[in-house]
Amino acid sequence: MTTGTVFASLSLPNLISRMPGGIAQGIIWGVMALGVYITFRLLDVADLTVDGSFTTGGAVTVMLILSGWPAWAALLVAVLAGLLAGMVTGLLHTKLGIPAILAGILTQFALYSINLRIMGMSANKPVNPDRYALLLTSRTVPEAILVGALLAAALIAVLYWYFGTEQGSAIRATGSNPSMSRAQGINIGHMKVLGLSLSNGLVALSGGLMAQYQGFADINMGRGAIVIGLAAVIIGEVLCDAFFRKGWSFYTRLGFVVLGGVVYYIVMVIILWLRLDSNDLKLFTALLVAVFLAVPYLQAQRRSSFRLAGRNSAAAQGGRKEGN
Amino acid sequence: MLQLTQVSKTFNPGTINEKKALREIDLHLKPGDFVTVIGGNGAGKSTMLNAVAGVWPVDSGAIHIDGMDVTGLQEHQRAQYIGRVFQDPMTGTAPNMQIVENLALAARRGKKRGLRWGVTKAEREEFGERLKILGLGLEDRMTARVGLLSGGQRQALTLLMASLQRPKLLLLDEHTAALDPATAQKVLELSDRIIRESGLTALMITHNMKDAIEHGSRLIMMNEGQIIFDAEGEEKKKLTKKDLMDKFAEIAGMQLDSDEILLTK
């Protein structure tokens, strides 16, 4: 296919019709990104457990719904399963001295087997929205967007409250300055376990929502979740800083993190609409994350860099030749 | 108030880097003692403070604070009895959090941190009043992130945080060393004032001999992990820089041509 025929075959209505689905999925990943924000930004830990706990959330939710549980109760248990997964990572890190990033990898690795067991040793478990009452499904996208948005708003409110409490403040202090936290009597080990648990609880909740939305749980549904989560966090932060130059409140920040998930998915929808091979999506995601990670750095470089200093120096010397 | 009994600590034992940092230290602080600690690099001053704060477990000996054996308590468990200010102004405060949030964290030192609001309205007013004492105008910037403050401002804030709860013990680990002379003087005066007004028991490490003589009610000199000189009351008041240098040379068995090896003027 030549470039000409590719562009000729693109239809704008097709793109617009795909948008709502992208937004719905974006909100669900935005919930996941809230979990990533807790570890990555507040606790200053890159937690790779999430690739596993996202699937755990989906698996638990689908299996419980299949055995007759109401969807909300299934989601609640999924959150508990996620909390537990995060706790394991936290304990590996704080009680056994394993570096946080490795502890997360270990838990994620172990969760693969556990997730398979949860799903009765099958790699894919469908849940038919016609036979079971689901909270949201891709069959009715506008409703799914509404449910997702309401849930995200409620979660942001809860997180805003929690991180304003004494305990939440102690978690933030632990991430901001561990030495200071210890000196102020904070058990930083406990706080890390608490933060990691909370984060993975949110990630599992997101996995449970995604499984319902797509109508199945899959053993590989969480693969690369950390990258998507980071993408959402970083896109959200860059946008937030662009809109609120003079500072922002915590709930605005969290809102933008969810929005980051939506923007990420819209970009993915556009990439797919451009008929790019879906197998290349991971490459594009990595590129997108790299670009957004680089933006704050490059902006700082524009304000102050050695190259700039060198140019200013040359200008200050008024065109005198070097060495004179 | 503080009792160190035969406290020893060796770093990297059994290796080529083995360092006997504390050798069977005995030290007793009465309530209200304000002790300045001097000594050369590697004398064990900071090590002694870290042993008291519980940064790591000691090898042998006992540490009592106000009669309680804290030897087996971890750093965060001892924190309820101890206020600390560090050499590096970055160490004592959480940069991503507001001034008022940092103070609120300090106000809960040693208390259970539950699901009550992290900063109460009453605290906001109280902290505002306390910040006025510093005379740095921080009371008007209570919601500013601490990371935006200068080193001196952060150190003053850390001092306020350390003394907020009237600790049984205040540990000042060369807390003015990283500041410019004028700011250092201000922070030192502030330390004096807070210790005096709250009647705190304090240990202050300094590299500055003049400061060590002019401040506090008692002075100890350390060398090679031991306390080699201890003066208080009238004896301490009469001390001069020359006395300290002579003392150091006599006890440490070294002749010093200047005080630069030991301390700065």
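Residues numbered from 1 in each chain as written. Chains lettered and ligands numbered in written order. Predicted model: local features only at pLDDT ≥ 70, side-chain atom pairs only at ≥ 80, totals over all residues. Heavy atoms only, no water.

### Some words on the environment of Leu244 of chain B
Turning to step 1, where the next piece is worked out: Examined against the element boundaries, Leu244 of chain B turns out to sit in helix H9 (residues 241–252).
Turning to step 2, where the next piece is worked out: Distance from Leu244 of chain B to Asp192 of chain B, taken between C-alpha atoms, is 22 Å for residues 52 residues apart in sequence. (Helix = DSSP H or I, 4+ residues; strand = E, 2+ residues; numbered from the N terminus.)

### Concerning the nonpolar core
Turning to step 1, where the next piece is worked out: Counting residues in hydrophobic clusters, the biggest one holds 116 residues, and the most contacted among them are Leu34 of chain A together with Leu103 and Leu131 of chain B.
Turning to step 2, where the next piece is worked out: In terms of residue count, the dominant contributor to this core is helix H2 (residues 12–42) of chain A (12 residues).
Turning to step 3, where the next piece is worked out: Apart from the residues lying within four places of it in its own chain, the contact partners of Leu34 of chain A are Leu155, Ile156, Leu159, Leu202, Leu254, Val257 and Val258 of chain A. (Core = buried A, V, L, I, M, F, W, Y, C linked by side-chain atoms within 4.5 Å. Buried < 20%, exposed > 50% of the residue type's maximum accessible area, 1.4 Å probe, protein only. Contact = heavy atoms within 4.5 Å.)

### A word on the sheet that holds strand E8 (residues 202–205) of chain B
Strand-to-strand pairing in sheets goes through backbone hydrogen bonds, with the strands running parallel or antiparallel.
All names here are of chain B.
Turning to step 1, where the next piece is worked out: With mixed pairing, six strands are arranged side by side in an open sheet as E6-E7-E8-E3-E9-E10. Each edge of the sheet is formed by a strand with only one pairing partner; in this case those strands are strand E6 (82–85) and strand E10 (226–232). Geometrically, the sheet is characterised by an average inter-axis angle of 20° between neighbouring strands, direction not taken into account.
Turning to step 2, where the next piece is worked out: Sheet analysis places strand E7 (residues 169–173) next to E8, joined by four bridges and oriented parallel. Following the sheet pairing, Leu171 is matched in E8 by Leu203.
Turning to step 3, where the next piece is worked out: Set on the sheet, helix H5 (residues 151–163) makes contact with E6 and E7; between it and E6 the angle comes to about 175°.
Turning to step 4, where the next piece is worked out: Each of strand E3 (34–39), E7 and E8 touches helix H6 (residues 181–198); the most contacted strand, E7, lies at about 170° to it. (Pairing = 2+ DSSP bridges. Axes fitted to C-alpha atoms, helices over the stretch in contact; angles between N-to-C directions.)

### Here we look at unusual backbone geometry
Turning to step 1, where the next piece is worked out: At Arg275 of chain A, a position not held by glycine, the phi torsion is positive, near 65°.
Turning to step 2, where the next piece is worked out: Tracing the sequence through the fold places Arg275 of chain A in the loop between helix H11 (250–273) and helix H12 (281–303).
Turning to step 3, where the next piece is worked out: A positive phi is found at Asn12 of chain B, a non-glycine position, where the angle reads about 50°.
Turning to step 4, where the next piece is worked out: Along the chain, Asn12 of chain B falls in the loop between strand E1 (2–11) and strand E2 (19–29).

### Examining the confidence of the model for chain B
Turning to step 1, where the next piece is worked out: This prediction gives chain B a mean pLDDT of 91; 95% of its residues lie at or above 70.
Turning to step 2, where the next piece is worked out: Model confidence for the complex is summarised by a pTM of 0.90, with the ipTM given as 0.91. (pLDDT = per-residue confidence, 0-100.)

### Some details on the layout of surface pockets
Turning to step 1, where the next piece is worked out: One number sums up the size of the largest pocket: a volume of about 780 Å³.
Turning to step 2, where the next piece is worked out: Residue lining of the largest pocket: 26 residues in total, with Arg172 and Phe250 of chain A together with Asn96, Glu101 and Arg145 of chain B positioned closest to the centre.
Turning to step 3, where the next piece is worked out: Residue assignment for the lining of the largest pocket shows that the elements contributing at least two residues are H2, helix H7 (166–176) and H11 of chain A.
Turning to step 4, where the next piece is worked out: Grouping the constituent residues of the lining of the largest pocket by class yields 11 nonpolar, eight polar and seven charged.
Turning to step 5, where the next piece is worked out: Estimates place the volume of the second largest pocket at around 580 Å³.
Turning to step 6, where the next piece is worked out: Along the wall of the second largest pocket there are 24 residues; nearest its centre are Trp29, Ile228, Tyr265, Leu281 and Lys282 of chain A. (1 Å grid on protein atoms, 1.4 Å probe; cavity = no way out; pocket = protein on both sides within 12 Å on 5 of 7 lines; lining within 4 Å. Points joined across faces, edges and corners; volume = space filled by probe spheres on them. Nonpolar A, V, L, I, M, F, W, Y, C, P; charged D, E, K, R; others polar.)

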